[in-house]
Structure formats: structure tokens, C-alpha cells
Amino acid sequence: MIVAVTASIRPLAAPARRDAAVGVAGVVVALVAWEVLARSLEGAFVLAAPTAVVVAIVDNGPLLGRALAATGSTALAGFVIGNLAAVALAGLAAAWPRSQRTVTGLALIVVCLPLVATAPLLRVLLGPGDGPQIALAALAVYYTTLIPLLVGLRAVPDTWLDLVRVAGRGAVTALVVVRARASVPYLAAGLQIAAPAAFLGAMVGEFTGAERGLGVLTIRASRDLDVDLTWALATIAAAVSMLAYAIVGMIGRAATGGQPPTILAAPRIAAGPGRVRRTLASTASAVVATIVLWWGGIILLGITPFVARTPLDVVGIFAGTRDGGLTRDALFAALCDTAVYVVPGYIAGLAAGVLLAVLIVLAPGASGAIMPVAVALRSVPIVTSAPLIVLLLGRGSLGAITLIAVMVFFPTLVACLHGLRQAPGQVLDVMAVYATAPWRVVVRARIPAMLPAFFAAARMSVPAAVLAVTVVEWLATGTGIGALMARSASLSNYDALAGAVVLVTAVAALGYAAVGAIETRMLARYAPEQAS
Amino acid sequence: MAPDRRAGVTVTVDAATKVYPDGTEAVAPITLTLDPGRTTVLVGPSGCGKSTLLRMIAGLESATAGEVLVDGEPPTIVQRRGELAVAFQDPSLLPWRSVAANIALARELARLDRDDERVAELIDLVGLTGFAATKPAALSGGMRQRAAIARALATDPRLLLLDEPFGAVDELTRQQLARELPALWEGGGTTTLLVTHSVAEAVRLADRVIVLSPRPARVLADIPIKLPRPRRDSDPAADRLERAVVEALERGHAGGDAAQTGG
Ligand SMILES: Nc1ncnc2c1ncn2[C@@H]1O[C@H](COP(=O)(O)OP(=O)(O)O)[C@@H](O)[C@H]1O
Ligand SMILES: [Mg+2]
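Residues numbered from 1 in each chain as written. Chains lettered and ligands numbered in written order. Predicted model: local features only at pLDDT ≥ 70, side-chain atom pairs only at ≥ 80, totals over all residues. Heavy atoms only, no water.

1. What to know about the sheet that holds strand 6 (residues 159–163) of chain B
Residues and elements named next belong to chain B. Worth spelling out the cut-off: Strand pairing is assigned whenever DSSP identifies at least 2 bridges connecting the two strands. Helix and strand labels come from DSSP, where a helix needs a run of H or I of at least four residues and a strand needs a run of E of at least two; each type is numbered from the N terminus. To get an axis, a line is fitted to the C-alpha atoms, and for a helix only the part in contact is used. The angle between two axes follows their N-to-C directions and goes from 0 to 180 degrees.
With mixed pairing, 6 strands are arranged side by side in an open sheet as 5-6-7-3-8-9. If you trace the sheet from one side to the other, it starts and ends with strand 5 (84–87) and strand 9 (219–224), each paired once. Each strand axis lies, on average, 15° off the axis of its neighbour in the sheet, ignoring direction. Where strand 6 lies against strand 7 (residues 191–195), 5 bridges are found, and the strand directions are parallel. In the strand pairing of strand 7, L162 is matched with L194.

This is the structure we're talking about:
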């Protein structure tokens, strides 16, 4: 899962060219190491050498080409639809500011929906065609676009809006004349992350029984233990995702004539009097909106009661009035199993991201080379990396925890590196004048500057970690809530599926809120100037 | 009767005060009338509430008590007629628009016809000839302020509010602008309120100088400037008036101290 965190890579100046050279050298070294390792592990059926990957790609050329075209076209359709929806929602929030909290709350709830359950549900509802892939791709992108766009629409100096007001014009004129154009760089940044996310969504959709596409081939290859083809597919998916990221980024830079801004995450609700009340009010309005959409959707779309579960049904499941609490107990037991993976994975990913970011800042030569690689790797879809990590580390807890940690690690690293670089130049200059030791500079100036970026990443990593754990449980370990959802889907146990969706969504949203609460406390204490 | 577009408006500030939500008292009760077609200059120490008062007259801040009326109506009415223009302390040009497009924006917002000739004239007038197609990022601070002044003039407003419009302009250009700009708003069609911290500029531009006290702003002195126009570069009468303004400012400081020491 790719979260709404992006970094602006410094413009390519002279030192950047050296960084690029270092980066190329790093890739070559990694490829050679990969080849050597793969050859030494030959026969273990875990790792395919780069040469074997190339051979597999060439051998299966036409097959892979057709699959890529299928996945690419559904991803593109989802990309367009999801982004149009995001633009429409953001426009609504900007023209009618009172709707903003509901819009963002609803958007968060939708992003917390577990793909592992929504994918098979969409398959049941939309049938065997491309519908579910497109829908999932659209769902995967709208959030990554909506949040930066909302930030951009608001990141306008007051005096620009005053200009509109002194001419006696209202919010709509401000939106059209000022906000829309001012948000273009933010939109570009969002679209850039959305591009690989669309690819991820389309592949997940294919996992649930599509006829064509890279996802279908991935399932087939891992079932047949075709190591070379599995790695070939992963390489293609990763390459396409990174390419999509790079191309959309280039278009964005050409369109905006500059670097994309950094969008960390949805802004928190400002501290201060009435905060609790406002938080409760916005939560309530988002929950009500969700229920209205959910129930209204069932009625309007005429979904068969065999599949559809209304909010009332779900209340019944958790109250134990439908089946004596059987489903509820199974759900909570599975959730506990899941916690064993997701909590350590989440914490390990955050810690590793922060540590590496600090190390990179202490050895500044390395950052220019590592940053672009981290940004690129972040866009590798999880459905691609999951089978690989299973091959490498097996179906046990180590593989699962590693995968979650990796999903959390990259966004955290990128955000923290960006934050560490935000330390005010004058403060650093003053410290340089007094020849302050580098680690002291990090502790005194850079870490406080990093905190907001770190917390934004930590917050957005909650839904990402939940997505990772459910995918890995589904594709690899066969335990926990992810496997339960997959099993329920194949057994058509819609009680369990609906209960799981509500439970996972609620837990992810609560985790997000909990990190947000810690964030508010910590920022007020250690970086008061950053707390809004 | 439809208001005559060529007559300036009358602004009445009636015991208006401003207390910001954080408790900052920016403006003490102020009562003041700006006569139609006249140029009033506000001077006062920095942070005393000049911008706040200007924003209240522009209808951008509401008065905490008292009221501000433009031609007997709330400022929002003159806003909606497109007859108000403000040049803010910060030029606030839209970075994606060229100088010409930024100036034209004022006419767009006021729903006036596009008038490329007028825009070109204004660009020449503020000394930005040749920069019509330049983006604000490529201009110096002073050039940006001049573009903002041109934008404020682009609609031929009946109420013109200028907040330290020459703050970042270099001294030579400043003197030149002070010589040339008044002609634009002195036809009697525009009521002008200008904030500055330059006493010489105040006396040179004003029909009347209002001296404000340190925060919260009160009127310390209301000095009519009855010098013939166009004003000359050096004039003993102007020097005397400047001294009067400076003395009023100094009295404000002393008064503040006296109040604090309980004297
Ligand atoms: N939005 C605001 N909220 C709280 N205090 C403000 C706000 N705007 C200005 N102030 C305060 O009000 C006082 C007057 O400000 P201002 O009118 O900008 O002064 P001036 O333009 O004379 O320098 C200052 O102390 C300033 O800090
Ligand atoms: Mg001011």
C-alpha cells in the first residue's frame, strides 16, 4: 500500500550527478550480489538470478505482454475514475468548507477497508469481467490524490483570498481563480503516488478470479512453484510501478515547472479548546455518512440479501443475536493472531525507517543515492513483494513481520529524510559556527524538525500495515483475520466477511486516531512551533 | 439614484474597535470620516493597528464594537459593486500569472471588461515597462509592490486602500511614484486611504494626516495638509507640517510612558 507521503527529490544539480552515478553503481552492485546469491542458493527454489529472470521474461514474452496490457489498461481506467472522484470530492470540500471533515473522515474509512475482503465482494457484485479490477484500482488511488489536493486547496496565503473578498466574490470564485491553480503542484504530487497504487489495485482485483493479467499469472506461477516466472512477474510489476511513478512525476514537473511539494498526510485537527468536541463531531458525521452510503448502496443497487449485510445485521453479529456470538468470537480470535504480526512489524518498520534516515543524514554523501532508490522501491506493489518474501523467508511469522515492516519502512524513511532536511538553515549555521558535533546537531535541530514528518508517516502507515498483514495472511501464512476473510469469501460466509470488514476498518481507523493523539501530545511537547 | 461612478465614497468610522480573538486589542474606539475624493494618510508606530483599521474599512475584519460604513452601507456593499481596491502590505501576486495577468485579475474579479490598453498604461505608469509578461518570481520586492499598486488602480476604484505600498520600493523609485501616482486618484473620483511610516511621504501625498497612538490605535492628531498641488519637492510649509506630525508621534510615545508609570 502506498501512502500519501511523497518527497521532493532535490533538483539535479552538479552534486546530484555524482549522486546519480553512485546510485547506478549501487544498482549494479545489488544486481551482482543478487546473481551470486541466487546461484549459491540454486536448488532451494527461493531466488531466481537476474539472468534467469531475463530468460523467463524472454521465453514468456507474448504471454507476459498480453498480461501486462490487460493489467495496465484496467489500472489506467481505475486511475482515471479514482482521480476524477478525488477531484470532485476535493472541489466539494473547497467550495463548501463545512463538508470537509466529513469528506476526509469518509475517505479515511474507505482507505481502511480491507482489500482482501472488498476484492472478493466486488467480484461477487460485479461479475467476472474487468469491473472489480477497475473498482479496486480506483479505490486505491482516490485517497492518495484526495489528501494532497485538499492540502493544496488550503495552502493558499490569506491575502490571495482577501483579493477575492475585497472584490465581493465568494468561495466558488476563490476556488476557481485561486485555489484550483494553487493546488496543481499538490495534485501532481498525489497523482505520482497514485500511479503505482492503481497498478496495485488492479493486480489485487485480478487475484480474485480475473481471466487475464499479471495478477492471474502471479497466482499461477506461485502455485506451480515456478520461481523464475514468479521473480520475472515481480520484476515486471515493480518496473512498471516505478516507471509509472517516474513518468507521472516528470509530467507533473513539466506541468508545474518545479518540484512537487511535500505532502505528508491529512492535516490533524488543530489543538485547542473544543478539539475533543470537534473530533467527536467529525467522527460521528463520517460514521453516519458511511452508514448512509452502505445501507443506501445496498438498497439502490438492489444487492441480493444472500450477499448484502446491513449495518443492523453487523450489529447483530457482534451482539451475538444472529448466531450466538460464534462469528464474533472467531473474528476476535483471528484479530489476536493478526496482532502478533502487525504490531511488531509496524514498530520494526518505523524504527528501521527513522534509524536509517538518521544514519543517512550523518553520512550526507549517501543520501543522494539512497533517496531516489527508496522513493522508487516504495512504489513496488505489496502483492508483488509478498510472494517473493514468502519464497525467501517461508510462510512463517518472520516473513509476515518482515513484509509489514518493509511496507512501513519505506514511507517512514522517505518522510523522515525529508523532515530531517527541513531543519531551519539559520539554526544549522549557528551550530556550524560553534563547531557543534554532528550527532548533537541531529538531536538538537534535526530530530525536532523531523517529528511532524515522522508522525505523518506513522499515521498513514497504520492502514498500510493493516493492508500488508491481511494480504500476507491471505497469500502466505494462512492465519489471522486476512486468511479468515479469504476463507469466508470462498465459502460465501457473508456474515463473517461483513463482520471482518467492519472490525478491520474500525481497528485501522482507531489505530490511525491513536497515533494522531500521540502525535498531538509529542508535538506540543517537543516541537511546539510545529503543532498546529 | 445610482451612485455616480466618478465620485469618491464617504467612509465613516464610528467608535469602531477591534479586539482579536486571542485578546489582542488592536484598535481602541476610533471615530473618523474620510471625505469623498480626498487622500487620507495614516501614520503610526509599527504594530499600532494601522493595517487592522484598513482591513476593517475594507470589510475584511469586522469591528468588535462600533461600526464602519461606506456611503452609509456596510463595506461588503462597496465590495460587491467592484468599487473597492486594496493594495496589501504583502504584494500577494498570484505566482502563476504574469504581471499583466495579475493586473488584469482585478478587472476580472470586479466583473469589468477586459482592457489590455489600460493594463499596459498602468504597467508603464508604475515603471514596469517591458515586464508585462514576467512572472512575479522574477521580480524584485519593489517591482512586485509596484505591480500590486497597478492592480489596485486597474478598476478605477471609488475607494482605494493602500497599506505601506512603497515599503520595499527603492528610494529613487519611491520618490518618483510619490510624484506621479497621486494624479491617478486625485481627480476627485477616488477616496484614498494610505498607510505609511514615512512622514515626508505622508505630507507629500495627503490632504490630511491622521497620527495614531501605539497599540491599541487611537487618533492622536488629525492634521490637514493644505498645500497646493502638484506638490513641490521642497517646501518650507511642508517641513513645518512634517515637524507637527513627528511631534504628534512623539507625544504618543510619551503619553504611553506616562500612562504606564501611572502619571
Ligand atoms: N489576526 C490577528 N490575530 C491576533 N493579533 C493580530 C492579528 N493581526 C494583527 N494582530 C496584532 O494586532 C496588532 C496590530 O497589528 P497591525 O494592524 O498589523 O499593525 P500595523 O499595521 O500598524 O503594524 C499587532 O500587535 C499585531 O500583532
Ligand atoms: Mg501593517
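Read on, since the account is not over.
2. Re the site of ligand 1
All names here are of chain B. Stated precisely, the cut-off is as follows: Nearness is judged by heavy atoms alone; a residue qualifies as near a molecule or strand once a single heavy atom is within 4 Å of it. Counted as a polar contact is a pair of N or O atoms within 3.5 Å, where, for protein atoms, one must be capable of donating a hydrogen and the other of accepting one, and residues adjacent in sequence contribute only when both atoms are in side chains. Here, Shrake-Rupley sampling with a 1.4 Å probe gives the accessible areas, and only protein chains in the shown set may cover a residue.
Every residue near ligand 1 is listed here: Y20, D22, T24, A26, S46, G47, C48, G49, K50, S51, T52 and R215. Between a nitrogen atom of ligand 1 and a side-chain N or O atom of Y20, the distance comes to 3.4 Å. Here an oxygen atom of ligand 1 sits 2.8 Å away from a polar atom, N or O, in the main chain of K50. Look at ligand 1: alone it shows 560 Å² of surface, and the protein chains cover 64% of it. Counting residues per element, the shell around ligand 1 draws most heavily on helix 1 (residues 50–57), at 3 residues.

3. So, the interface of chain A and chain B
What counts, and what does not: Whether two residues touch is decided by their heavy atoms; if any such pair falls within 4.5 Å, the residues are in contact. Buried surface area refers to the total accessible area, computed with a probe of radius 1.4 Å, that the two partners give up upon joining, counted for both partners together. When a carboxyl oxygen of Asp or Glu is within 4 Å of a side-chain nitrogen of Lys or Arg, the pair counts as a salt bridge.
At the junction of the two partners, chain A supplies 15 residues and chain B supplies 22 residues. Summing both sides of the interface, chain A and chain B together bury roughly 1,600 Å²; the carbon and sulfur share of this comes to 65%. In this structure, the connection of chain A to chain B is made through 1 salt bridge. R55 of chain B serves as the salt-bridge partner of D162 of chain A, at 2.8 Å between the closest nitrogen and oxygen.

4. Observations concerning the packing of aromatic side chains
Residue and element names in this part refer to chain A. Cut-off, in case you're wondering: The rule is short: rings of Phe, Tyr and Trp, with Trp giving its six-membered ring, pair when the centres are within 6.5 Å, and they are stacked under 30 degrees, edge-to-face over 60, tilted in between. Per-residue accessibility, obtained with a 1.4 Å probe over protein chains only, is compared with the maximum for each type, and a residue is labelled buried under 20%, exposed over 50%, and partly exposed between these values.
According to the stated counting rule, one finds 4 aromatic pairs over all chains in the structure shown. Measuring from ring centre to ring centre gives 6.1 Å for F318 and F332, while their planes differ by 70°; the resulting arrangement is edge-to-face. In this pair, F318 sits in helix 13 (residues 311–319) while F332 sits in helix 14 (residues 326–362), placing the two residues 14 residues apart along the sequence. Take F318: its relative accessible area is 22%, and that puts it in the partly exposed class. Under the relative-accessibility criterion, F332 is labelled partly exposed at 36%. Between F454 and F455 the ring centres are 5.2 Å apart and the planes differ by 70°, which places this aromatic pair in the edge-to-face class.

5. As for the coordination of the magnesium ion (ligand 2)
Which entries qualify depends on this criterion: Each metal's donors are the N, O and S atoms within 2.8 Å of it, or within 3.2 Å when it is Na, K or Ca, and because water is not part of the set, sites may look incomplete.
Coordination of the magnesium ion (ligand 2) by the protein is provided by S51 of chain B (OG) and Q89 of chain B (OE1), with metal-donor distances spanning 2.0 to 2.5 Å. Here S51 of chain B is found in helix 1, whereas its partner Q89 of chain B is found in the loop between strand 5 and helix 3 (99–109), with 38 residues between them in sequence.

6. A closer look at the domain arrangement of chain B
All names here are of chain B. Operational definition: By convention here, the domain bounds are inherited from an automatic or database domain assignment. Three classes are used, and their members are as follows: Ala, Val, Leu, Ile, Met, Phe, Trp, Tyr, Cys and Pro are nonpolar, Asp, Glu, Lys and Arg are charged, and the others, Gly among them, are polar.
Structurally, chain B comprises domain 1 (11–83 + 158–261) and domain 2 (93–156). Counting residues at the interface gives 16 residues for domain 1 and 12 residues for domain 2. Between domain 1 and domain 2 the total buried area reaches about 1,100 Å² when both faces are included, carbon and sulfur atoms providing 68% of it. Summed over the shared surface of domain 1 and domain 2, the result is 0 salt bridges. Counting across the domain 1 and domain 2 interface gives 2 residue pairs in polar contact (both at pLDDT 80 or more). If one sorts the elements of the side of domain 1 that touches domain 2 by residue count, helix 6 (residues 171–180) sits on top with 3 residues. Split by residue class, the side of domain 1 that touches domain 2 holds 10 nonpolar, 3 polar and 3 charged.

7. Here we look at the pattern of salt bridges
Applying the stated criterion across every chain yields a total of 18 salt bridges over all chains. When the shortest N-O distance is used, the salt bridge between E519 of chain A and R459 of chain A registers 2.7 Å. With E519 of chain A in helix 21 (residues 494–526) and R459 of chain A in helix 19 (residues 438–477), the pair connects residues that are 60 residues apart, well separated along the chain. Looking at R459 of chain A, the relative accessible area reads 4%, which means it is buried. Of the charged contacts, one joins R158 of chain B and E83 of chain B as a salt bridge, the two residues approaching to 2.9 Å between their closest N and O atoms. Placement of the pair is R158 of chain B in the loop between helix 5 (141–153) and strand 6 and E83 of chain B in the loop between helix 2 (75–80) and strand 5, with a sequence separation of 75 residues. Judged by its relative accessible area of 3%, R158 of chain B falls in the buried class. Residue classification places E83 of chain B among the buried residues on the basis of a relative accessible area of 5%. Connected via shared salt-bridge partners are D162 and R165 of chain A together with K18, R55 and E61 of chain B.

8. Let's talk about the sheet that holds strand 1 (residues 11–19) of chain B
Residues and elements named next belong to chain B. In spatial order, the strands read 2-1-4; together these 3 strands make up an open sheet with antiparallel pairing. Edge positions in the sheet fall to strand 2 (25–34) and strand 4 (65–70), since each has one partner strand and no second. Direction aside, neighbouring strands of the sheet carry axes that sit 20° apart on average. Of the pairings in the sheet, the one linking strand 1 to strand 4 comprises 5 bridges and is antiparallel in character. In the strand pairing of strand 4, T17 is matched with A65.

9. Overview of the UniProt feature "domain: ABC transmembrane type-1" (unreviewed entry) in chain A
The following threshold applies: UniProt positions are given in the numbering used here, feature names are shortened, and annotations may be inferred rather than shown by experiment.
With numbering matched to this structure, UniProt assigns "domain: ABC transmembrane type-1" (unreviewed entry) to residues 64–252 and 335–514 of chain A. Between the C-alpha atoms that bound residues 64–252 of chain A the distance is 29 Å, and the span itself is 86% helix and 0% strand.

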